[in-house]
Amino acid sequence: AEALLIPTASGFHASSDHLISKPASHVRGLQSHNTGIAPGATDASAAIASGGRSTCRSRRDILKQSATAVVGAAATLLDPSSASATVAHATADDDARRSYVQQFPTLFDPLYGKSSRQTTIAQLSENMWSLEQSLVLGPLETPLRCIVVKLADNTLWVHAPLAPTEEFFDMVESCASVVGGSDGSASSGVVAHVVCPTYALEHKIFVKDALKRWPNAKLWVAPGQFSFPIRSASDDIVWGRSVSGTLQTSDLDDTYAQPPWTGEIQYETLAAGTFDIGGVPTTLYETAFFHRPSKTLIVTDSVAKVSLDPPPLNQHANLLLISKRSTSDPMPEDTAQARKIGWEKTALLISFFFPEHEEPDPDKLGVVTWTDGWHDNFEALAGKLIVPPVVRTLLYAQDPKRVKPWVNRVASRWNFESIVPAHWEAPIAAGPEDFQKAFRFLDDSTIDPFPENDLKRGLKPIADIALKTLAKKE
């Protein structure tokens, strides 16, 4: 499970509360297969139905279950038709416009097969939009963001496509003035460029579906793309076609052909940490983009701002379940305060995996209780521009000297006024000075520290194991 988490760990985040939601007929509840992360937390709907009682299970057991499901589904990469058994379990009342089939196995809902997601859209500037959906792992819901830019030629540039629902595709295409093909089919000419900005699974898993929808679009990817556990999977399996170009270093690099959109959107690529993934030392990359007309920095995982209040896509039932002081307590009344408590604890679970104040009850076997102090730890995390704990601890702390030149290039080259990450809150009013300040720990790890006890039970041990494994390989 730890090996599987490394390439996807940055994905368990949440995002903006500045959204405009499109009308919708229904929001799908969580499936009842109990894939929660928090000890004792199961499907929220099931918990409510049972009067707040829940079966206590460890995070380790649940991750093991998810890993088993992923490995068991891996063979279907080469034979997508074998997914039919999983698809058959979808509920009959799924909203057709929000339903989709997940073609690759993952550690988040639905693991593999058919599911449903709501999409929201917000206009960030004259020619830029943010689209969001939710990732789900048990009761932990984490919104995920895609950015769409309309270029000067009225075609669209799509950054990290989301789950391939008809609702998502329609919202993307609505951002262009051109709609529909001459043959009356889906608008294949609207999207001209699809970008995969990083290695992380949640940002790349739906690229193949997007390219199927928009077959004329060019595909641009960050370096170091890999598949797991099948490392030799071809581009046709992973993307559905060959890659148009790799964003190796910078749009200023004249040693390779550059994309046609660099007059409007510039980029700088970071080579971050290196890990042993499936027995192979693998360097993880992220490409940052600067949209010149709006002076916006577009990033994936490198920086974030944890919102103080719950994102609008988070279901109330899940927030209430996480808000409980003890897993043996009944479900609380649905109030804004209870939802806020649930969000603060959710943010700690997502950020640290095993936060300090979530403790086994010494008097009740299998029961987990939140002890006093968790709110202070949330306040130390939220409301400011940070490098998220997962990214800082697992990736950037490994080789600060490799990260710092990229930070300096981004801050010195671009005079941005806002930052739009793929996770947590957006847009963030911040400039180059704020960006550099968030990375001060590269010079001194004691600057802006996260609570030590939040780190030591989850992120720090995983980082230590990863680095020791890599050292043995070298």
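Let us look at the structure shown here.

Basis of the calculations
Residues numbered from 1 in each chain as written. Predicted model: local features only at pLDDT ≥ 70, side-chain atom pairs only at ≥ 80, totals over all residues. Heavy atoms only, no water. Axes fitted to C-alpha atoms, helices over the stretch in contact; angles between N-to-C directions. Helix = DSSP H or I, 4+ residues; strand = E, 2+ residues; numbered from the N terminus. Parallel < 35°, antiparallel > 145°, perpendicular 65-115°, else oblique. Contact = heavy atoms within 4.5 Å. Nonpolar A, V, L, I, M, F, W, Y, C, P; charged D, E, K, R; others polar. Buried < 20%, exposed > 50% of the residue type's maximum accessible area, 1.4 Å probe, protein only. Pairing = 2+ DSSP bridges. Arc of directions from axis to C-beta.

Side note on the packing of helix α9 (residues 316–323) against helix α10 (residues 336–352)
Consideration 1: Between α9 and α10, whose axes approach to 7 Å, the crossing angle comes to 75°. It follows from the interaxial angle that α9 and α10 lie roughly perpendicular. Contact with α9, carried on its side by H316, L319, L320, I322 and S323, involves A338, R339, I341, G342, W343, K345, T346 and L349 of α10 and no other residues of that element.
Consideration 2: Split into classes, the residues belonging to the contact of α9 with α10 amount to 7 nonpolar, 4 polar and 2 charged.

Concerning the side chain of H357
Consideration 1: Mapped onto the secondary structure, H357 falls in the loop between α10 and β13 (358–360).
Consideration 2: A relative accessible area of 11% places H357 in the buried class.
Consideration 3: Those residues in contact with H357 that sit more than four places away from it in its chain are T369, W370, T371, D372, G373, W374, N377 and R457.

Describing the sheet that holds strand β4 (residues 128–137)
Consideration 1: Reading across the sheet, the 7 strands line up as β3-β4-β5-β6-β7-β8-β9 and stay open at both edges, with mixed pairing between neighbours. Each edge of the open sheet carries a strand with a single partner, namely β3 (120–125) and β9 (245–246).
Consideration 2: Bridge count between β3 and β4: 5 bridges; the pairing is antiparallel. The partner of A122 across the bridge, within β4, is S130.
Consideration 3: Those strands touched by helix α5 (residues 166–173) are β3, β4, β5 (140–150), β6 (156–159) and β7 (191–196), and its axis lies near 165° from that of β4.

Re helix α11 (residues 374–381)
Consideration 1: Taken residue by residue, α11 has W374, N377, F378 and L381 as its buried positions. One face of α11 carries all of its buried residues, which in axial projection span an arc of 100°. Turned more than 90 degrees away from the buried face of α11, the exposed residues are D376 and E379.
Consideration 2: Just downstream of α11 lies G383, where phi reads positive at about 80°.

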